[in-house]
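# Understanding the architecture of this molecule
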Amino acid sequence: MAPPSRIGTIRASGPSGMPRIEIIGLTRRLPSGERVLTILDNVDLAIAPGEFVAVLGPSGSGKSTLLALMAGLDRPTSGEVLIDGQPITALSEDRLALLRRHKIGFVFQSFQLLGNLTARENVLLPAELAGLADPFARADELLAAVGLEDRGHHYPSQLSGGEQQRVALARAFATRPPILLADEPTGNLDGATGRKILELLAEMRRAEGTTLVLVTHDPSVAALADRLVHLRDGRVERQEAPLAAPAGALP
Amino acid sequence: MRGPVFISTLLRESRGARGRLGFFIACLAVGVSAVVAVAGVSSSLDEGIRLEARQLLGADLAIAGHRPPLAGYDFAAAGLGGVRRSLVKETVTVVAAPPDAAGRPGPSQVVELKAVGSDYPFYGKLTLHPARPLGELLDEGTTVVASELLARLHLRIGDVLRIGGLGFRISGVVLSEPDRISISMTMGPRVFVSPAGLARTPLEARGSRFNYRLLLKFPSGTAGAAIQAAAERLKNEMPDAAFYRIETYRDAQPALRENLARVERFLGLVALLSLFVGGIGVAETVRAWLAGKLDAIAMLKCLGMRPREVFFLFLGQTALLGLAGSLAGIAVGGGVQALLPSLFSDLIPAGLSHPWQPGALLRGLGLGLGVALLFSLPPLATVLRVPPARVLRHDAEPLSLHRWASAAAVAALAAGVLLLAAAQSRSWLLGGRFTGGVAVVTAALALAALLVSRAVRRVPRDFARPWLRHGLAALARPGAVTLGAIVALGLGVLVVLAMSLVERRLARELTRELPTGAPTSFLVDIQPDQWPGVRELLGKAGASRIDSAPVVIARLQAIDGASVEDLAGRARQDGGRRWALTREQRLTYMRDLPADNKVIAGTLWGEPRQAEVSVEQGFAEDLGLHLGSRLRFDVEGVPVELTVTSIRTVNWHTFGINFFLVVKPGVLDQAPQQRLAAVRLPRGADQQLQDGLAARYPNVTVLRIREILDKILAVLNRIALGVRFLGVFTVLAGIAILAGALSAGAARRGREVALLKTLGMTRGGVALTFAVEYALIGLVAGAIGACGAAVLAWEVVTRGFELAGEIELLPLVLALLLSTLLTIFAGLAASSNALRRRPVEVLRGEG
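Chains are numbered independently. Their residues run from 1 in the order of the written sequence. By the order in which they are written, chains take letters starting at A while ligands take numbers starting at 1. Under the rules for a predicted model, residues below a pLDDT of 70 receive no local features and side-chain atom pairs below 80 are neither given nor counted, while totals for whole chains, interfaces and linings still include all residues.

### Digging into the overall build of chain B
What counts is decided by this rule: Only DSSP runs of H or I reaching four residues or more are called helices, and only runs of E reaching two or more are called strands; each is numbered from the N terminus. Exposure is read from a count of other C-beta atoms within 10 Å of each residue's own; the residue is exposed at 12 or fewer, buried at 20 or more and partly exposed in between. C-beta atoms are placed from the backbone. Contact between two residues is assigned when their C-beta atoms, built from the backbone, lie within 7 Å.
Looking only at helices and strands, chain B features 25 helices and 21 strands. Projected onto its principal axes, the C-alpha positions of chain B cover 100 × 65 × 60 Å. When the 847 residues of chain B are sorted by exposure, 43% land in the buried category. Put simply, of all contacts in chain B between residues at least 6 apart along the chain, 84% involve residues at least 24 apart.

### Digging into unusual backbone geometry
Residues and elements named next belong to chain B. Cis peptide bonds are those with omega within 30 degrees of zero, and the linkage from Y120 to P121 qualifies with -15°. For the bond running from H129 to P130, omega is 0°, close enough to zero to count as cis. Relative to the elements of secondary structure, P130 occurs in the loop between β4 (127–129) and α4 (134–137). Backbone geometry places H154, a non-glycine residue, at a positive phi of 55°. Structurally, H154 can be placed in the loop between α5 (147–153) and β6 (160–163). Positive phi, normally seen in glycine, also occurs at R426, with a value near 55°. Mapped onto the elements of the fold, R426 is located in the loop between α12 (403–425) and α13 (428–458).

### What about the packing of helix α8 (residues 254–291) of chain B against helix α11 (residues 358–380) of chain B?
To describe two helices that pack against each other, one gives the angle between their axes and the distance between the axes. Residues and elements named next belong to chain B. The cut-off we apply is this: Orientation is described by axes fitted as lines to C-alpha atoms, over the contacting stretch for helices, and by angles from 0 to 180 degrees between their N-to-C directions. Any angle that falls under 35 degrees is termed roughly parallel, while one over 145 is termed roughly antiparallel, one within 65 to 115 roughly perpendicular, and all others oblique. Each helix crossing is assigned a hand: it is left-handed if the near helix lies turned anticlockwise from the far helix by less than a right angle, otherwise right-handed if that turn is clockwise. Just so you know the grouping, Ala, Val, Leu, Ile, Met, Phe, Trp, Tyr, Cys and Pro go in nonpolar, Asp, Glu, Lys and Arg go in charged, and all remaining residues, Gly too, go in polar.
At a closest axis distance of 8 Å, the pairing of α8 and α11 adopts a crossing angle of 45°. The angle between α8 and α11 falls in the class oblique. Crossing of α8 over α11 shows right-handed handedness. For the pair formed by α8 and α11, the contact residues are L275, F276, G278, G279, I280, V282, A283, V286, R287 and L290 on the first element and L367, V371, A372, L374, F375, S376, P378, P379 and L380 on the second. Here the residues of the contact of α8 with α11 are counted per class, giving 15 nonpolar, three polar and one charged.

### Some thoughts on the packing of helix α3 (residues 119–129) of chain A against helix α5 (residues 161–173) of chain A
Residues and elements named next belong to chain A. Direction vectors running N to C along α3 and α5 enclose 25°, while the axes themselves pass 7 Å from each other. Looking at the two axes, α3 sits roughly parallel to α5. Where α3 crosses over α5, the two elements pack in a sense that is right-handed. Contacts between α3 and α5 involve A119, N122, V123 and P126 from the former and V167, A170 and R171 from the latter.

### Re the pairing of strand β1 (residues 61–65) of chain B
All names here are of chain B. Condition: A pair of strands counts as paired when DSSP detects no fewer than two bridges linking them.
Of all five residues in β1, four are buried; the element is thus mostly enclosed. Sheet analysis places β1 next to strand β10 (residues 245–248), joined by four bridges and oriented antiparallel. Looking at β10, one finds that A62 is bridged to E247. Relative to strand β9 (residues 210–217), β1 is paired through five bridges, and the arrangement is antiparallel. Within the sheet, the bridge partner assigned to L61 lies in β9 and is L216.

### Focus: the environment of I88(A)
All names here are of chain A. Its location among the elements puts I88 in the loop between β5 (86–87) and α2 (93–103). A count of 22 C-beta atoms within 10 Å places I88 in the buried class. A sequence separation of 13 residues divides I88 from R75, and the C-alpha atoms of the two residues are 9.4 Å apart.

### Some details on the interface of chain A and chain B
Tallying the contact residues gives 26 residues for chain A and 21 residues for chain B. Of all the secondary structure elements, the ones that give two or more residues to the side of chain A that touches chain B are α1 (63–70), α2 and α3 of chain A. A per-element tally of the side of chain A that touches chain B places α2(A) first, with six residues.

### Examining the pairing of strand β16 (residues 612–616) of chain B
Residues and elements named next belong to chain B. Of all five residues that make up β16, five are buried, and the element is covered over most of its length. Where burial is concerned, the two faces of β16 agree: the one with E612, S614 and E616 and the one with V613 and V615 are both buried. As defined by bridge partners, β16 adjoins strand β18 (residues 638–650) across five bridges and the pair is classed as parallel. Paired with S614 across the two strands is S646, which belongs to β18. Alignment of β16 against strand β19 (residues 661–663), held across three bridges, turns out to be antiparallel. When the sheet's bridge partners are listed, V615 is paired in β19 with L661.

### So, α12(B)
Residue and element names in this part refer to chain B. Heads up, the rule is: The span expected for a helix works out to 1.5 Å for each residue beyond the first.
Taking 1.5 Å per residue as the helical rise, α12 with its 23 residues ought to reach 33 Å, and the 33 Å between its terminal C-alpha atoms agrees with that figure. Here α12 has its buried residues at V417, L420, A421, Q424 and S425. Along its buried surface, α12 packs onto α8, α11 and α13.

### Describing the sheet that holds β5(A)
Residue and element names in this part refer to chain A. If you trace the four strands from one edge of the open sheet to the other, you get β2-β1-β4-β5, paired in antiparallel fashion. Edge positions in the sheet fall to β2 (35–47) and β5, since each has one partner strand and no second. In terms of strand pairing, strand β1 (residues 21–32) meets strand β4 (residues 78–83) through five bridges, oriented antiparallel. In the sheet register, E22 faces β4, and the bridge partner there is L82.

### Some remarks on the sheet that holds strand β8 (residues 211–216) of chain A
Residue and element names in this part refer to chain A. Ordered by their spatial adjacency, six strands build an open sheet running β6-β7-β8-β3-β9-β10, and the pairing between neighbours is mixed. Two strands in the sheet have a free side with no partner beyond their single neighbour: β6 (104–107) and β10 (235–240). Across the sheet, the mean angle from the axis of one strand to that of its neighbour is 20°, orientation sign disregarded. In the sheet, strand β3 (residues 52–56) pairs with strand β9 (residues 227–232) via four bridges, with the strands oriented parallel. In the strand pairing of β9, V55 is matched with V229.

### Looking at helix α6 (residues 191–208) of chain A
Residues and elements named next belong to chain A. Put simply, the rule is: Think of the arc as the fan of directions from the helix axis to the C-beta atoms.
Here α6 is 18 residues long and its end C-alpha atoms lie 26 Å apart, about the 26 Å a rise of 1.5 Å per residue gives. Looking only at α6, the buried set comprises G194, I197, L198, L201 and R205. When α6 is viewed along its axis, its buried side chains cluster within an angular range of 100° and face the same direction. Turned more than 90 degrees away from the buried face of α6, the exposed residues are A192, E203, R206 and A207. Summarising the contacts, the buried residues of α6 are in contact with β3, α5, β7 (179–183), β8 and α7 (219–222). Two residues or fewer past α6, G209 is found with a positive phi of approximately 65°.

In structure tokens:
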């Protein structure tokens, strides 16, 4: 078993005693020419409600695949993912889509905004899909929260990288998802902008009480997390609490 | 760069992009196949006509006119001693079954009567049943008829048929006739009689209008040049040569082939249009293809390839693709061409079709390659300006072209289009008009598409559901590719719909109930002494309106002292003027003009001392007549001198009796004449009237306007079918472009699908979102095309045909519906790969 973490046991539990995300024996293999590559190898992990977990590792260690499997974007070769106790690997594509619609928000390295839609419409889309009572109010509220209330009518191509990622943050929080998955959210941004985005992410997560799983190779980002999970060659190499760092004093 | 290196680099370079470039080939192939099909069918017919020219003429040389040619001509003295001659006489008349036992007239039918000698035809085969020579079946008292006539009159071989009031025993049935081409309109089934048989009837003597054709057969072995020379000599020497049409088999039906060529020029341009629409697709595909090649191009430049070499490298690939597309089009077009004659088997005699037409295939290849290279020039020009620095900085976009360079590319494109259009229509004027028209329409469509896009951008989208909003957003920010696709599809819709609207409008005019009070039938060739009796029959048949006028047949001899021979000789190139000069002129005389005539110059009958004539305006223009012109006519050998004292307009739409030439009463009253009558008959009464007339006045022919209109309608429908058939190619090209445009954006599309699925949209939701987007594109393209079609059709109907403008709504709605459905179908098919993308891919491909 992995060493105990600063905030409790590895098998983290929520108020009801159930982890928000539970990963059991997760394995993903991909054929590559004549060989079979093992991307993830028998990974076990449990993430408590409200917890912020940073997944670290060199490129090719399986970070993004782990994230994809948590969201049902990909299917494991074996093993299971449970979201709020519900096993998801056997769900149909459409059921998975509905699951994501209501429970999971995303932030990507390359922003992934829909180029034809305005900033506001990008934020609106998940809110409407989830059937929120007043999606417009929610979208405006979130745009204000990320400081873009004046730029809602702009198209992504008219925004800077940092602004695009802020729109992406607003979109990720649109449905108040209990889970937020972020894949190198600062990877395409310069240091200062990246830091601002990260602060914003951390702040919004705190305000909403969202469980956050963040994939990164940047240790300074990881410093904000409750727990660090180090992946290497598809296995959990070690888990630890980050070095104590005063909040807001990122390097 | 040396040749082999160039080729191998070229082949290597084209490797990865083959799937996408399939659309390049498809866009081109659609247009090429249309061009090949048109050129193939027409040249196959043309070849057939030339090969069968002797059979179609039935002779080496034929002289045709309204009077028997060369009567009393000394053939031996003219060096034509060894030439065999056969005179063919043709007329339209009414024949009838004999009266029944109770004396009631038998059923009657308008027919094309043909009197031929036993040596007819000199060439070709007359297929008869029973299979015996015509000379054996025809004598003074027998006739051979088309089987169709037997069916209509309920007669059989051996029964008696009344022709010109006299009984003829039907001795056989004619199955095919070498010199009767059904491409032209016929007035009724064929009836053959012998010259002696015709002489028994009163038809010729009582002034029925005959066409005479003197067939000449030269001794076998006579060189074609000698026959041609004889024809030239006859044109110069024979009396009244201007009034006859002299043709040799080497001319091979000039009138028929000219008509064919005219139809081909028109249809060829419609086909070319689909090729140009395909060209838009070619340009878009090349643009998208190059966009994905910028890194490779930069790398080639870094490796030391000169811009020029890179340009020719990609031009070479375009040419290869153009070749592939043209060959595919040729294969399809050749197939279509081989199939078409069977679709039109009743129009195109089997023997006339020669499917192997290398010329048509070559033309398809040339036009296809030309369009491929021409339309890829503007996008290809950008490779010249790709900065090699792109290998280091990925976002280094191609430098923009110099203004003069883009202008040159556009000018080259316009000049090339003009060149191809002129080549296809074999006329600079026609090609120029076509190019101008296409340019204007394309610009209008592009402008309309831009305006719609602007308007959609202004519309607030908050009200819309997400899938609708997505479609509206896509319309508000269409890429150049989508815009091109909208224009191309709109152009296709415009062509097909405009043709169909015009055709439907004409068809409605032709099928419409004749205006109240307008005549329903014409009675021709009534002798003056028969008129009271005919009137009586008309009264019995319930005719509600009877107009009649005397008709004096005359031949124009001179205008202001200049002989028609000279004038016609000078007007040889001007068919309309020549026709006006040498036709059989029909003069009438009357005191008061019909109500639909209006004198626009001079005064009607204002000169008591002169023999006055009033001339219709258009006819006066054709002949170059003005007030005071003196016309000399030959009325059955008697010269009559008339002075033009008034010019008038005629409303020809009323179907009333009208004449180009109206003479003052008193001048022609004693001349040999017949009466023409226009009558309105109650529905169904015309057959009974015709039966009665055929029994009592067999020389009178009844022409039913309804029947004639129906025949014109049938011809119109045929042409319209051909045009619509070709128009469909234009729409197909538009659809291929659309599919190509969408698949060119497949990478972006795929990311979009993955992202939408990640955000929690179900597969059905994504498909619906895309379907709505395509539906909107199709709807806009269809709407723009339909508006254009309505405007164009309106112009053609009101200006070209001078009919009241009416546009049917149903075809417009159908066009909208169809273009929308086709676009959804093509769009979903083109993005089916993208729709299968799994959401995990958002985490991979960056960008």
